[in-house]
Amino acid sequence: MHELGIVFHVIKTVEDVAKEQELSKVSKVVLEVGEVSTVIPEYLEDCWKWACKRSELMKESELVHETIPAVTYCEDCKQTYETVKYAKICPYCKSENTCLIQGNEVQIKEIEAL
């Protein structure tokens with residue numbers, strides 16, 4: 001379960017930002033989670049609730065996750081397409097010369113604090 005590692009990293013990053021900005025409490029963190037990142041949102045939320053109880057700054061903070069759609073680029077026809085719907089094969093030219101350009105990342109989008 002890599003969700004716990006992600007949560008620990010996010011909390012550490014948020015705590016560092018809060019210290020720099022002299023914040024006293026974090027009420028919400030918005031994460032952008034790629035559609036093909038292999039992160040399971042329910043596990044992420046469970047880990048968040050468990051881990052935040054151990055941080056005075058993060059206690060009772062809310063986690064919101066937004067999905068970043070997966071997009072693949074075809075090197076042959078230069079088109080982009082929905083990765084989940086078509087996988088590795090380009091729906092326009094049927095090429096397998098493709099690469100994922102978006103949708104496997106996890107990043108902090110927003111921190112709401114006092």
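It should be noted that the structure appears before, not after, this text.
Basis of the calculations
- Residues numbered from 1 in each chain as written.
- Predicted model: local features only at pLDDT ≥ 70, side-chain atom pairs only at ≥ 80, totals over all residues.
- Heavy atoms only, no water.
- Helix = DSSP H or I, 4+ residues; strand = E, 2+ residues; numbered from the N terminus.
- Rg over C-alpha atoms; globule rule 2.2 N^0.38 Å.
- Buried < 20%, exposed > 50% of the residue type's maximum accessible area, 1.4 Å probe, protein only.
- Contact = heavy atoms within 4.5 Å.
- Lys, Arg positive; Asp, Glu negative; His and termini not counted.
- Charge placed at Lys NZ, Arg CZ, Asp CG, Glu CD.
- Patch = residues over 30% accessible without salt bridge, like charges linked within 9 Å, V, L, I, M, F, W, Y side chains within 5 Å.
- Areas by Shrake-Rupley, 256 points an atom, 1.4 Å probe, with all protein chains shown as cover.
- Salt bridge = Lys/Arg side-chain N within 4 Å of Asp/Glu carboxyl O.
- Core = buried A, V, L, I, M, F, W, Y, C linked by side-chain atoms within 4.5 Å.
- Pairing = 2+ DSSP bridges.
- Right-handed = clockwise from strand over helix to strand, strands pointing away.

Quick look at the overall build of the protein chain
Turning to step 1, where the next piece is worked out: Looking only at helices and strands, the protein chain features three helices and six strands.
Turning to step 2, where the next piece is worked out: Reading the helices (α) and strands (β) of the protein chain from amino to carboxyl end gives α-β-α-β-β-β-α-β-β.
Turning to step 3, where the next piece is worked out: Over its C-alpha trace the protein chain gives a radius of gyration of 18 Å, far above what one expects of a compact globule, namely 13 Å for 114 residues.
Turning to step 4, where the next piece is worked out: Projecting the C-alpha coordinates of the protein chain onto the three principal axes gives extents of approximately 55 × 25 × 15 Å.
Turning to step 5, where the next piece is worked out: For the protein chain, the residues scored as buried account for 32% of the 114 residues in total.
Turning to step 6, where the next piece is worked out: When contacts within the protein chain are restricted to residue pairs at least 6 apart in sequence, those whose partners lie at least 24 apart make up 70%.
Turning to step 7, where the next piece is worked out: Taken together, the 13 basic and 21 acidic charged side chains of the protein chain have centroids lying 2 Å from each other.

What to know about a nonpolar patch on the surface
Turning to step 1, where the next piece is worked out: A cluster of nonpolar side chains, namely V36, V84 and L100, defines an oily patch on the protein surface of about 220 Å² accessible area.
Turning to step 2, where the next piece is worked out: For V36, the position within the fold is in the loop between β1 (26–34) and α2 (41–52).

Some details on the side chain of T72
Turning to step 1, where the next piece is worked out: Residue placement: T72 occurs in strand β3 (residues 71–74).
Turning to step 2, where the next piece is worked out: Judged by its relative accessible area of 4%, T72 falls in the buried class.
Turning to step 3, where the next piece is worked out: Beyond its immediate sequence surroundings of up to four residues, T72 is in contact with Q79, T80, Y81, T83, A87, T98, C99, L100 and I101.

As for the nonpolar core
Turning to step 1, where the next piece is worked out: Among the nonpolar cores identified, the biggest contains 19 residues, and V29, L44, W48 and M58 are the most heavily contacted of them.
Turning to step 2, where the next piece is worked out: Sorting the residues of this core by element identifies α1 (3–20), β1 and α2 as the ones contributing at least two each.
Turning to step 3, where the next piece is worked out: Looking at this core, the element that brings in the most residues is α1, giving six residues.
Turning to step 4, where the next piece is worked out: In contact with W48, other than residues within four places in its own chain, are V7, V10, I11, V29, M58, S61, E62 and L63.

Digging into the pairing of strand β2 (residues 62–68)
Residues in a regular strand point their side chains to alternate faces of the sheet.
Turning to step 1, where the next piece is worked out: Relative to β2, β1 is paired through seven bridges, and the arrangement is parallel. Among the inter-strand pairings, E32 is bridged to a residue of β2, identified as E66.
Turning to step 2, where the next piece is worked out: A crossover links β1 with its parallel partner β2, the connecting element being α2, and its sense is right-handed.

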